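Okay, here's what each chain looks like letter by letter:
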Amino acid sequence: MPFDDNAPNPVDVHVGARVRLRRKFLGLSQQGLADEIELTFQQVQKYERGSNRISASKLFAIAKVLRAPISYFYDGLGEAVAGFSESESEQTANSFLLTTEGIQLAEAFPRIISPRHRRKILDLVRTLADDEA
């Protein structure tokens, strides 16, 4: 499948999104990561957006700081670039999980043991979302 010359390469976008997800999961700022790998936070932003390609040596340094194997940054890549597309719902969920609130919610929700409380929280979120729409 041909790529648009002006658009970021889907592989770079995927790897950058995985860097962002791991960084946010660890609670590390872009500046914090940039300091650790001796770059500017603007460069980290470009990496995370996929607008700049991450070299092998920088990816190795990033993986070390983020305590993740190199393979972590390529997880799910086959589906992302092989013509398989996520549904709109999957794209929304993945985008949400890249936010600070998404990460916090994903960490806290599984600690709620009561199925009744989980359903009530889900009902509350749906009600609030309907009110927004």
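I will try to describe carefully the structure that is included in this document.

1. Here's the deal with the pattern of salt bridges
- Under the counting rule described, the total for this entry stands at three salt bridges.
- Residues Arg53 and Asp12 are paired through a salt bridge, measuring 3.0 Å at the closest nitrogen-oxygen approach. In this pair, Arg53 is assigned in the loop between α3 (41–49) and α4 (56–65) and Asp12 in helix α1 (residues 10–25), connecting sequence segments 41 residues apart.
- For Asp12, a relative accessible area of 13% translates into the label buried.
- In this structure, Glu48 engages Arg23 in a salt bridge whose closest nitrogen and oxygen atoms are separated by 2.5 Å. Of the two residues, Glu48 is situated in helix α3 and Arg23 in helix α1; the sequence distance between them amounts to 25 residues.
- The exposure class of Arg23 is buried, given its relative accessible area of 5%.

2. Let's talk about α3
- When we look at burial in α3, the residues that qualify are Gln43, Val44, Tyr47 and Glu48. Viewed along the axis of α3, the buried residues span an arc of 140°, placing them on a single side of the element.
- Considering only its buried residues, α3 is in contact with α1, α2 (30–37) and α4.
- Among the residues trailing α3, Gly50 stands out with phi positive, at a value near 85°.

Quick notes on the rules
- Numbering of residues starts from 1 in every chain and runs along the sequence as written.
- The predicted nature of this model means local features are confined to residues of pLDDT at least 70 and side-chain atom pairs, given and counted, to a pLDDT of 80 or more, with totals for whole chains, interfaces and linings taken over all residues.
- Side-chain metrics rest on all non-hydrogen atoms present in the structure, leaving aside hydrogens and water.
- Put simply, a salt bridge is a Lys or Arg side-chain nitrogen that is within 4 Å of an Asp or Glu carboxyl oxygen.
- Under the DSSP-based scheme used, a helix requires at least four consecutive residues in state H or I and a strand at least two consecutive residues in state E, with every element numbered from the N terminus.
- Burial here depends on accessible area, computed with a 1.4 Å probe over protein chains only, as a share of the maximum for the residue type. Under 20% is buried, over 50% is exposed, and the range in between is partly exposed.
- Note that the arc is computed from the directions linking the helix axis to the C-beta atoms.
- By the convention used here, residues are in contact when the closest approach between their heavy atoms is within 4.5 Å.

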